[in-house]
Amino acid sequence: LMHLTKKLIEIRSMLLSIDQSDALKLPSIVVIGSQSSGKSSVLEAIVGHEFLPKGNNMVTRRPIELTLIHTPAKDGKIPQEYGEFPALGGGRLTNFADIQRTLTDLNLAVPASQAVSNEPIDLRIYSPNVPDLTLIDLPGYVQISSLDQPETLKEQISSLCDKYIREPNIILAVCAADVDLANSPALRASRKVDPLGLRTIGVITKMDLVPAEQGASILTGNRYPLHLGYVGVVAKGANKKSQKESLSLVAQRAEDDFFGSNREVFQRHPSLMIGTSTLRRRLMEVLESSMASSLHGITNAVQLELEEATYQFKVQYNDRRVTAESYVAETMDTLKGRFKDFTQQFRRPVIRAKLKAMLDEKVMDVLEQLYWLDKRAPELGQIAQDPKLKPEEVDPYWKHKLEAASSLLTKSGIGRDSTLLVADGLRALIDSIATGEPFTYHPRAAERLIQFSHMILRDRIGVTSDQVENCIKPYKYDVEVEPREWEAGRERAVELFENEVRLCEQKLGDIRKKVGGSRRLGNLIGYVKTLEEQQKEKAAKKLENIDGETAEPAEMPLESYRYPPAQLVDARYAMMYHDRIGILKLRLMALKSKRCRAGPQSEVFCPEAFLNVVADKLAYTSAMFINIELLDQFFYQFPREIDTRLLYDLDRKEIIEFARENPVVRRHLDLQERKDKLEEVMKQLNSLSTLRADPKPAPRRN
Ligand code: GDP
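Just so it is clear, the model here is predicted, and its values are computed rather than measured.

**Quick word on the overall build of the chain**
Reasoning step 1: Check the secondary structure of the chain and you find 22 helices and nine strands.
Reasoning step 2: In the chain, which comprises 702 residues, the share counted as buried stands at 47%.
Reasoning step 3: Once local pairs closer than 6 in sequence are excluded, the contacts in the chain between residues at least 24 apart make up 83%.
Reasoning step 4: On the chain, roughly 37000 Å² of surface is accessible, and the fraction owed to carbon and sulfur atoms is 53%.

**Some words on the side chain of Glu500**
Reasoning step 1: Relative to the assigned elements, Glu500 resides in helix H16 (residues 483-515).
Reasoning step 2: The contact partners of Glu500, leaving out residues within four places of it in the chain, are Met364, Arg580 and Leu584.

**Section: the packing of aromatic side chains**
Reasoning step 1: Applying the stated criterion across every chain, the model contains 17 aromatic pairs.
Reasoning step 2: Between Phe259 and Phe266, the ring centres sit 5.2 Å apart and the planes meet at 75 degrees, which makes this aromatic pair edge-to-face.
Reasoning step 3: Both rings, one in Phe452 and one in Phe638, keep their centres 5.8 Å apart while their planes meet at 40 degrees; by these two values the pair is tilted. In this pair, Phe452 sits in helix H15 (residues 443-471) while Phe638 sits in helix H20 (residues 607-647), placing the two residues 186 residues apart along the sequence. Phe638 carries the same exposure label as Phe452, and that label is buried.
Reasoning step 4: The ring centre of Tyr397 lies 4.2 Å from the NZ or CZ of Arg376, which sits over that ring.

**Some remarks on the packing of H16 against H20**
Reasoning step 1: Taken N-terminus to C-terminus, the directions of H16 and H20 make an angle of 105 degrees; their axes are 8 Å apart at the nearest point. Put simply, H16 runs roughly perpendicular to H20. Along the contact surface, H16 presents Glu485, Trp486, Gly489, Arg490, Arg492, Ala493, Leu496 and Phe497, while H20 presents Glu608, Ala609, Phe610, Asn612, Val613, Asp616 and Lys617.
Reasoning step 2: Split into classes, the residues belonging to the contact of H16 with H20 amount to seven nonpolar, two polar and six charged.

**Here we look at the pattern of salt bridges**
Reasoning step 1: On inspection of all chains with the given rule, the structure shows 39 salt bridges.
Reasoning step 2: One salt bridge in this structure joins Asp424 and Arg427, with 3.1 Å as the shortest N-O distance. One end of the pair, Asp424, and the other, Arg427, are both in helix H14 (residues 414-434), three residues apart, so they sit about a helical turn from each other.
Reasoning step 3: One connected set of salt bridges, linked through shared partners, spans Glu368, Glu500 and Arg580.

So, how was this worked out
Residues numbered from 1 in each chain as written. Predicted model: local features only at pLDDT ≥ 70, side-chain atom pairs only at ≥ 80, totals over all residues. Heavy atoms only, no water. Helix = DSSP H or I, 4+ residues; strand = E, 2+ residues; numbered from the N terminus. Buried < 20%, exposed > 50% of the residue type's maximum accessible area, 1.4 Å probe, protein only. Contact = heavy atoms within 4.5 Å. Areas by Shrake-Rupley, 256 points an atom, 1.4 Å probe, with all protein chains shown as cover. Phe/Tyr/Trp six-rings, centres within 6.5 Å; stacked < 30°, edge-to-face > 60°. Lys NZ or Arg CZ within 6 Å of the ring centre and 35° of its normal. Axes fitted to C-alpha atoms, helices over the stretch in contact; angles between N-to-C directions. Parallel < 35°, antiparallel > 145°, perpendicular 65-115°, else oblique. Nonpolar A, V, L, I, M, F, W, Y, C, P; charged D, E, K, R; others polar. Salt bridge = Lys/Arg side-chain N within 4 Å of Asp/Glu carboxyl O.

Here it is as structure tokens:
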């Protein structure tokens, strides 16, 4: 039968970890008593060690769920005693002073303003000297509120005790022999919930402080009858510090001495229960029979919960199991997979096209700066159309221009710009992965992901841009152009220009629509031109009058505010696009001329074709070295960093934390765990059916 209680205590702990609902609770013994009634002394006498917090103001502030596990001797070897706080995960404490210190710390951690906390401390003690028992130590009832205790402390403790002394728990009411039972707060509380005294057991402490006759008469329980009876003890553990012997021995001796010297009194009532060992035995009997009678109800309740959990698991997850580990591994694989898909965007031809587009922009800037803004630009168009003019007869001015343009392009910091362009693409890719599912649930992992990928990028950018710059160096001095390259460059330039013309025409069209038609735009432009001329005249007049005293010339008789200012801005843009289209069209004519088609010797006439060839060469070379120095390195390093920095870095606890950050996975894990635990409890309960007499509950039908 011993076996039954032990099993049931195990089951009780498991049920407590499943949930705290009353339906799934096996009974425990709840210890209540007023301060100084000797409650701690009794508990320590049962355990055989001093381990509870002491001190003047050191009331127990949190319930202690004390589970005693009897560890029998094996092969003649007596196992070591130790305690454990499962919630703290600190392992075995073989020194009871350490247990006492931990309990003191946990109690003191409750802020003084709060005084009492409902959150229980789970303590397990394994020893060959303890019976299998579960005891709950509650804060002692306060008799007198002291000054530094909150007013409500008394009520707080009462309500905490009330919560624990509910069914099916057994109440251990500790009363001191030298205090009238009528005044015992423990008995009073017990009577409220157990008026017939069916599940209350009384412990009368300090039997040595009253005459033996008086003590014996208390134990008969005639005044306040309890079905489970009273046990009288002497549990004084005083002066134990000064002695080398263990507490149990000292206390035991004091108790034996007392009951021994009053033998004739107590033997007169053979049914009286006296002594700590009697108390232990009695508690075991009471707990066991109480647990046994709860068994039927608990088995039914667990069965019901298990059926519900099994059903939910089937319906919600189709019985698919997950583990935190599999979720983490899956997440990392998805991450790598997604990254790999995205790397398609970084294949060489794609990169080259991107770089070329960037360089085309630069070419346009150079052309605008050196040619389109040049007053002599139309000249270049004319000489291109002149079939008789030989290249060497062209004004050296244009040769000079071409060299300047080429150098402006090659020395514009291509290495850095092209590397940054690609690196930024990679950064944006990683950022988009890190901000997408499932990383929305894992902000810390996302941050690490971003951190280490940015670090790889930072490491590579310098080397790569230097390498690219180094490799395009030859183009800074001389660019050899093959006839085939020339023709390709010319065609691309034509394409580019035609595109640009289309773009400008589109913008022009948009403005026309916006201001209300081409007539209106014409008027606006005319007006802006007049304004500009006036301004010029005004400036000229100012110059003339610079020494004279003449006053400012009167404003021209022009209606101001004829048009809204925003439309004047539009008109100015329209003029700009118009001019640009004019130039582009002229240059297109040149690019399509025989002269330009002739080949690389015409480079002076067709700087656009030439610069396009240069840009293409630059893009090709940059793409090649960016590929080697940046992309290959990044693609190699990134998946490895995922493993080392995200995956292998996590210990078991962090893996679980990570998985539980995702609410979907958390719910899945919770339900799965609940089902597993209930299954285990059910299995244990069923295995008990061989140990107990009452029949197994009939299986439920759905
Ligand atoms: P608690 O406040 O209810 O936990 O009470 P304690 O266990 O701390 O005991 C209060 C005081 O009563 C302590 O000084 C104990 O030494 C003393 N005490 C406890 N049990 C006995 C006993 O059986 N006999 C005597 N004489 N003193 C006891």
